Amino acid sequence: MKKILIALLLFSGIVNAQNESAISNKKNEFRVDVLSAILSSKISISYERFFANDFSVGLNVNYSDSKKLTEDFEEGYTNNLAKYEVNPYVRYALSKGKTNYYFAEIFTSFNGGDFKEIIREENNGTAIYTTKISTYSDIAAGGSLGYKMYFKESIALELLVGFGYNLLNTDKSPDKITRVGINLGYRF
Amino acid sequence: MKKISYLAILFSAILFSSCDTNDDGFYNNKIIDVNPGLVTFNNTTNYSIGDYLVLDADFSRYQTEFGQTGLLDIYKTTGNAEFFAFSYVIERKINATEWETIFVDDSQLQINKGNASNGAYVYGLCKYNSTDETYEYNVGFPLLSTGNYRLSFGYNSDSTKNVELRSLNKPKDIKLNLNSAVANLDNSGYFYFNVN
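Throughout, a residue's number is its position along its own chain's written sequence, starting from 1. Both sets of labels track the order of writing: A upward for chains, 1 upward for ligands. In keeping with the model being predicted, local features are shown solely for residues with a pLDDT of at least 70 and side-chain atom pairs are shown and tallied solely at 80 or more, while totals for entire chains, interfaces and linings include all residues.

1. Points about the overall build of chain A
Inclusion rule: In DSSP terms, a helix is any run of H or I states spanning at least four residues, a strand is any run of E spanning at least two, and both are numbered starting from the N terminus. Note that the radius of gyration is over C-alpha atoms, with the globule rule given as 2.2 Å times the number of residues to the power 0.38. With C-beta atoms placed from the backbone, a residue is labelled by how many other C-beta atoms lie within 10 Å of its own: buried for 20 or more, exposed for 12 or fewer, partly exposed between the two. Any pair of residues counts as being in contact when their C-beta atoms, constructed from backbone geometry, are within 7 Å of one another.
Secondary structure assignment for chain A yields four helices and eight strands. The helix and strand sequence of chain A, counted from the amino end, reads α-α-β-α-β-β-α-β-β-β-β-β. Its C-alpha radius of gyration of 21 Å places chain A more than 25% over the 16 Å reference for a compact globule of 188 residues. In terms of overall dimensions, chain A has a C-alpha envelope of 80 × 40 × 20 Å along the principal axes. Taking all 188 residues of chain A together, the buried fraction comes to 34%. Across chain A, contacts joining residues at least 24 apart in sequence account for 57% of those joining residues at least 6 apart.

And the structure:
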């Protein structure tokens, strides 16, 4: 236990000892969400552009092809299957540090996927119920909170949790979308 | 202190983001009302020990659905379901206000068509007969002691005067629930009879 505490203190020291201005001078960052990739077969790539006044803007693109989610959709546990999201966002750093800090973001999400419904088809006097799959698309708005830290002045580790609500087509799209991830990135 | 506040907000957001409102439920499910009498029983009110209370079903794969035109093919809708399941309870009066469920061994059930098992309720399976394209069930429940009895169909359903028959089929196929009124039940959903 003592060793772990010492390791954590050292680790924290290394993080804080980095040159903050060196990080500030790097204005661009690319990230990949490793959590989504492992847990839900979702490819999630982000770009972020930093400005001098604690603000940044970015774009996140997701594509999902999860076997588990597809099975849930086919077996009727959900009636929609999210496939893609394009999420532009604006962030504000809540902490003063540049090597590790909390941030808040607002985002919009252009999202879409498959929607399933049961329909009745009648032919020559007999009818059946069958499932019909169509596509949906919607626009959501929401917010997130996150924590970011840098190693070696360029390697970023980011935790992000957020959610938003779809606004236009909730008969078919999910009411809510989430933005949860553990991202690894490179700042340059 | 500030960090703790941020962490608290972060964890609250995690908790909140894991809840959803629209994606719960079972979307391969279809519930429909069909003609009464899919399941029947003899309305004899006096039996002797050793008699059987026989429940019977013999309904076509083509069903009239309330509010719709055209006969519904329930066999094709369910991806060729071999069985429709339903449940019923047989109870005996033990005092002025209380009833107890009657348990018998499955081997004591007189299974003529379909299949059945007995526990807290009788679980009946109407089996598809491809020859005449009907689902069939004919099972006798042994009446082994004297007393006042009652039969009901509401154990696994919210309705009192209907029996709910649920298709047993593959997970990806549509699960069809047929609601069919049962004759000879009172307004509370019971049929009372005696064993002498």
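2. Focus on the overall build of chain B
From N to C terminus, chain B includes two helices and 16 strands. Classification of the 196 residues of chain B by burial places 29% in the buried group. Contacts in chain B between residues at least 24 apart in sequence constitute 68% of all its contacts with a sequence separation of at least 6.

3. Re the pairing of strand 15 (residues 175-181) of chain B
All names here are of chain B. Going by this rule: Two strands are counted as paired when DSSP detects at least two bridges linking them.
Relative to strand 15, strand 1 (residues 29-33) is paired through five bridges, and the arrangement is parallel. Counted as the bridge partner of Asn 29 is Lys 175 from strand 15. In terms of strand pairing, strand 14 (residues 162-168) meets strand 15 through five bridges, oriented antiparallel. When the sheet's bridge partners are listed, Arg 166 is paired in strand 15 with Asn 177. What sits between the antiparallel neighbours strand 14 and strand 15 is a turn of six residues.

4. Description of the interface of chain A and chain B
Interface size is commonly expressed as the accessible area that is lost once the parts come together. Let me state the cut-off plainly: The nonpolar class holds Ala, Val, Leu, Ile, Met, Phe, Trp, Tyr, Cys and Pro. Asp, Glu, Lys and Arg form the charged class, and all remaining residues, Gly among them, are polar.
Between chain A and chain B, the contact holds 28 residues from the first and 27 residues from the second. Those elements that provide at least two residues to the side of chain A that touches chain B are strand 5 (100-123), strand 6 (126-151), strand 7 (155-166) and strand 8 (176-187) of chain A. Top element by residues in the side of chain A that touches chain B is strand 6 of chain A. It accounts for six residues. Split by residue class, the side of chain A that touches chain B holds 12 nonpolar, nine polar and seven charged. Pairing geometry for strand 6 of chain A and strand 6 (residues 71-73) of chain B, over two bridges, is parallel. From the neighbouring strand, Ala127(A) faces strand 6 of chain B, where its bridge partner is Leu72(B).

5. Observations regarding the pairing of strand 13 (residues 147-152) of chain B
Residues and elements named next belong to chain B. Examined bridge by bridge, strand 7 (residues 83-93) and strand 13 share four bridges and lie antiparallel to one another. Of the residues in strand 13, the one forming a bridge with Val 89 is Ser 152. Both strand 13 and strand 16 (residues 190-195) contribute to a ladder of six bridges, which runs antiparallel. Within strand 16, the position partnered with Asn 148 by the bridge is Asn 194.

6. Some thoughts on the environment of Asp65(A)
Looking at where Asp65(A) falls in the secondary structure, it is placed in the loop between strand 3 (55-64) and helix 4 (67-74). Sequence separation between Asp65(A) and Lys42(A) is 23 residues, and the spatial gap between their C-alpha atoms is 6.3 Å.

7. What about the confidence of the model for chain A?
Stated precisely, the cut-off is as follows: Think of pLDDT as the predictor's per-residue confidence, scored from 0 to 100.
Here chain A averages 89 in pLDDT, while 90% of its residues score no lower than 70. Between residues 7-13 of chain A, whose pLDDT stays under 50, and residues either more than four places distant or in other chains, the model counts zero contacts.

8. Focus on the environment of Val89(B)
Residues and elements named next belong to chain B. Inspection of the secondary structure puts Val 89 in strand 7. As a C-alpha pair, Val 89 and Tyr 192 span 103 residues in sequence and 12 Å in three-dimensional space. Apart from the residues within four sequence positions on either side, Val 89 is in contact with Thr 101, Tyr 121, Ser 152 and Tyr 155.

9. Quick word on the confidence of the model for chain B
Residue and element names in this part refer to chain B. Overall, the predicted model of chain B reaches an average pLDDT of 89, with 87% of residues at or above 70. Note that pLDDT drops below 50 for residues 19-24; the model gives that stretch nine contacts with residues more than four away or on any other chain. Overall fold confidence for the complex sits at a pTM of 0.79, while the interface term, ipTM, reaches 0.82.

10. Quick look at the environment of Val57(A)
Residue and element names in this part refer to chain A. By the secondary structure assignment, Val 57 is in strand 3. Given 14 C-beta atoms within a 10 Å radius, Val 57 is considered partly exposed. Each C-alpha atom, one on Val 57 and one on Lys 98, is 16 Å from the other, the two residues being 41 residues apart in sequence. Residues within four places of Val 57 in sequence aside, it is in contact with Arg 49 and Val 90.

11. Brief notes about unusual backbone geometry
The backbone phi angle of Asn124(A) is positive, close to 55°, even though this residue is not glycine. The topology assignment puts Asn124(A) in the loop between strand 5 and strand 6. Positioned with a positive phi, Asn80(B) is a non-glycine residue whose angle comes to about 65°. Tracing the sequence through the fold places Asn80(B) in the loop between helix 2 (74-77) and strand 7.

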